[in-house]
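Letter by letter, the chains look like this.
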Amino acid sequence: MTYGKIWRMLGGYWQRVIDSDMAVPSERPLNELTAELVAMLGSSNAVDREQTSYSVLASWVSSGVYDDLLITLGDSIAAGLQMGLGEPEGDAVFRRSYSALLLGDCIARDNQASVLPVDVVLTWADRALSWFVREGDHRGWVEGKGWAHALAHGADLIGVLAQSRHLLAEHLGILLDVIAERLQSPTPRIWIDGEEDRLAAAVLTILQRNQVQQDYLDAWVETLGVALTRPHHREMGIEPSPEARNTSAFVRALYAHLAIGVHPINTTLSFTEPPACRADLLLDLLQIIPQI
């Protein structure tokens, strides 16, 4: 039997699982099913990766199937963040990116059901943030292979971490610092797939916790402004760098979202009231919104 025929049979098997409203098959051990799905998480085929592997695993995580095994599952998923990290653009990005998305689902399950100890969540957070600042593949849509979107998925993961009861004020400050570092790291790509909005949504979620002090936020905005106030690029005949343009897009997105009261999706926090820092932060952002 050829590999292609085996894969088609597997595809039909998982389609039957999806058609059964994600019911866990009883004829095979859960660890065997999970290993198969996790391997498929790095597929360059968008149907296998997104509609099958990620969809099934995310459904099972959110419904509590893995509650007693969530630490083991999350550890294995977090390991995927390192696969091919540092290499040129390639298919390994799919495993890293969708590992980030699924790790966010594991943490979101804890946000809802309180099934994880603090040390596990903080360890996953450390591994996730280390990956996020080092991720070098900034592609959004990859022709013929679907979404890579590592930066957007990393932003979503930060937004989930921001809701964790295990993260205190100092941890939330670290999340903000990581976002600033990511924004200002050199990149060859100008964002065109909504990455700035996903990062802004993550920041809104951090702010909604009302734990980060205003002086910390003032300094954070000042850090963002450094990349945007370098000597008059256009007067010098120099085009702004991609990271400067991305930072500019992010600042504008954050200002707009904060001003109009955008409610990020999939949060356990209440957004019925604006964060306490809203008025002061809007003034801070207004000072650095660049003319780029």
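Notes on the structure in this doc start here. Sequence order as written defines the numbering, with residues in each chain counted from 1. Given that this is a predicted model, residues contribute local features only at a pLDDT of at least 70 and side-chain atom pairs are listed and counted only at 80 or more, while totals for whole chains, interfaces and linings are drawn from all residues. Side-chain figures throughout are based on the complete set of non-hydrogen atoms in the structure, without hydrogens or water.

What to know about the side chain of D137
Counting through the fold element by element, D137 comes out in the loop between α6 (118–134) and β1 (141–142). Any residue under 20% of the maximum accessible area for its type is buried, any over 50% is exposed, and the rest in between are partly exposed; the area is computed with a 1.4 Å probe on protein chains only. Note on D137: relative accessible area 1%, which makes it buried. At 3.5 Å, the side chain of D137 forms a polar contact with the backbone nitrogen of G90. Filtering out sequence-adjacent residues up to four positions away, D137 remains in contact with E89, G90, V93, R96 and A150. A run of DSSP states H or I qualifies as a helix once it reaches four residues; a run of E qualifies as a strand once it reaches two. Both are numbered from the N-terminal end. Whenever a nitrogen or oxygen atom comes within 3.5 Å of another N or O atom, the pair is scored as a polar contact, on the condition that within protein one atom can donate a hydrogen and the other can accept it, and that pairs from neighbouring residues in sequence are kept only if both atoms are in side chains. We call two residues contacting when some pair of their heavy atoms lies within 4.5 Å.

A few points about the packing of aromatic side chains
For Phe, Tyr and Trp, rings pair up if their centres lie within 6.5 Å, where Trp contributes its six-membered ring, and each pair is then called stacked (planes under 30 degrees apart), edge-to-face (over 60) or tilted (otherwise). Under the counting rule described, the total for this entry stands at seven aromatic pairs. Between W60 and Y66, the ring centres sit 6.4 Å apart and the planes meet at 50°, which makes this aromatic pair tilted. The buried category is assigned to W60, whose relative accessible area is 0%. By relative accessible area, Y66 is classed as buried at 2%. Relative to F250, the ring of W220 lies with its centre 6.3 Å away and its plane at 85°, an arrangement referred to as edge-to-face. Of the two residues, W220 is situated in helix α10 (residues 214–226) and F250 in helix α11 (residues 242–260); the sequence distance between them amounts to 30 residues. With respect to burial, W220 and F250 carry one shared label: buried. Grouping aromatic residues by their ring pairs yields a cluster made of Y13, W14, W60 and Y66.

Honestly, that's just the spatial picture; any functional story needs more than this.
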